[in-house]
Amino acid sequence: MNHHVDVMISEQQIKARIKELAAQINQDYQHAGSNLLLIGLLRGSFIFMADLCREITVPHQVDFMTVSSYGNNTTSSRDVKIVQDLDESIENTHVLIVEDIIDSGNTLSKVRDLFLLRKPASLEICTLIDKPSRREVEVPVKYIGFSIADKFIVGFGLDYAQFYRHLPYIGIVTFPENT
Ligand SMILES: O=P(O)(O)OC[C@H]1O[C@H](OP(=O)(O)OP(=O)(O)O)[C@H](O)[C@@H]1O
Ligand code: HPA
C-alpha cells in the first residue's frame, strides 16, 4: 500500500483519556438506575466501546448498530446507511451513543434524529475523536476524547479501506500525493 502511518495519539494517552471520560460518565449517570444503554456504531466503535464500557461502573447494557457512509473512501458519501438496526426498543432508556469519530457529522446527525423519534429518556453522544473543522452538520456531542485537526487517521477501530482497525494507537495516514 502506497502510504505510511505515523503515531498521532499513543496507546497510553488513549487509555488515560478513556478513564477520564468513564469517570465523567459514571458521575453523570449515577442516578440513571439500571436504565443506561451504550450504543456503539459499527464497525468503527468496537475497540473504543470495549475499553470504555470496562471503565464504566454504573449499571449499563451494551448494544450495537451497523452504519456506513464512507465505504472505502476517505470522504463521507453523506448517504448514511443503516446496515443493521437495533433489535430492542430504546423508549424511556438513557441512551449514550459511542462512536469512534465525528467528522462531517452526517452519520451522528442521522442516527441521532432516528433515535430521537424513538423517545429515549435521554440521548447523548460520546466520541473518541472529533474533527470540528470538518463539520457539515452540527451535532451536540457531550463527551469528546480528543479534538484533532483535519487529518485522515486510522487505528483504535478506525480504518482506511477496512485496514488498520487493530492498531492500538491513532495514526495519521500520509498519502504520497499530499507530501
Ligand atoms: O461524521 P462523519 O463524516 O459521518 O464520519 C464519521 C463516521 O465515519 C466512519 O464510519 P464509516 O462509514 O467509515 O464506517 P465504519 O464505522 O465501518 O468504519 C466513522 O466510524 C463514523 O461512523
Ligand atoms: O479520519 C478518518 N479515518 C477513518 N475513518 C474516518 N471516518 C471519518 N473520518 C475518518
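None of these values were measured; they are calculated from a predicted model.

## Let's talk about the overall build of the chain
Okay, step 1: When helices and strands are counted, the chain shows three helices and nine strands.
Okay, step 2: Going from the N terminus to the C terminus, the chain shows its helices and strands as β-α-β-α-β-β-β-α-β-β-β-β.
Okay, step 3: Computed over its C-alpha atoms, the radius of gyration of the chain comes to 16 Å, within 12% of the 16 Å expected for a compact globule of 179 residues.
Okay, step 4: Seen along its three principal axes, the alpha-carbon backbone of the chain occupies a region of about 50 × 35 × 25 Å.
Okay, step 5: Here the chain holds 179 residues, and the buried ones make up 32% of them.
Okay, step 6: A separation of at least 24 residues holds for 66% of the contacts in the chain among residues at least 6 apart in sequence.

## Quick look at the environment of Pro-176
Okay, step 1: Within the secondary structure, Pro-176 sits in the segment after β9 (170–174).
Okay, step 2: Sequence separation between Pro-176 and Asn-2 is 174 residues; the distance between their C-alpha atoms is 7.1 Å.
Okay, step 3: Those residues in contact with Pro-176 that lie beyond four places of it in its chain are Asn-2 and His-3.

## Quick look at the sheet that holds strand β6 (residues 122–130)
Okay, step 1: Within the open sheet, the six strands sit side by side as β4-β3-β2-β5-β6-β7. Their pairing is mixed. Two strands close off the open sheet at either side, each with one partner strand: β4 (81–84) and β7 (143–147). Neighbour-to-neighbour, the strand axes of this sheet turn through a mean angle of 30°, independent of strand direction.
Okay, step 2: Two elements, strand β2 (residues 36–42) and strand β3 (residues 60–68), share seven bridges in a ladder whose sense is parallel.

## Some details on unusual backbone geometry
Okay, step 1: Here the residue pair Leu-42 and Arg-43 is connected by a cis peptide bond, since its omega of 10° sits within 30 degrees of zero.
Okay, step 2: Backbone geometry at Gln-162 places phi at a positive 75°, although glycine is not the residue there.
Okay, step 3: If you trace the backbone, Gln-162 turns up in the loop between β8 (153–154) and β9.
Okay, step 4: Given 9 C-beta atoms within 10 Å, Gln-162 falls into the exposed group.
Okay, step 5: Positive phi values are uncommon outside glycine, yet Tyr-164 reaches one of about 75°.
Okay, step 6: Here Tyr-164 is to be found in the loop between β8 and β9.

## Quick look at the site of ligand 2
Okay, step 1: Residues in contact with ligand 2 amount to eight residues; listed here are only the nearest, Ile-101, Asp-103, Phe-152, Ile-153 and Leu-158.
Okay, step 2: Across the shell around ligand 2, the residue classes break down as six nonpolar, no polar and two charged.

## Let's talk about helix α1 (residues 11–28)
Okay, step 1: Under the 1.5 Å per step criterion, the end-to-end length of α1 is 26 Å for 18 residues, consistent within 8% with the ideal 26 Å.
Okay, step 2: Within the sequence span of α1, burial applies to Ile-14, Leu-21, Ala-22 and Ile-25. The buried side chains of α1 occupy one side of the element, clustering within an arc of 105° when seen end-on. Exposed and oriented more than 90 degrees from the buried face of α1 are Gln-12, Ala-16, Glu-20 and Gln-27.

Procedures and definitions
- Residues numbered from 1 in each chain as written.
- Chains lettered and ligands numbered in written order.
- Predicted model: local features only at pLDDT ≥ 70, side-chain atom pairs only at ≥ 80, totals over all residues.
- Helix = DSSP H or I, 4+ residues; strand = E, 2+ residues; numbered from the N terminus.
- Rg over C-alpha atoms; globule rule 2.2 N^0.38 Å.
- Buried ≥ 20, exposed ≤ 12 C-beta atoms within 10 Å, placed from the backbone.
- Contact = placed C-beta atoms within 7 Å.
- Pairing = 2+ DSSP bridges.
- Axes fitted to C-alpha atoms, helices over the stretch in contact; angles between N-to-C directions.
- Near = placed C-beta within 6 Å.
- Nonpolar A, V, L, I, M, F, W, Y, C, P; charged D, E, K, R; others polar.
- Expected span 1.5 Å × (residues − 1).
- Arc of directions from axis to C-beta.

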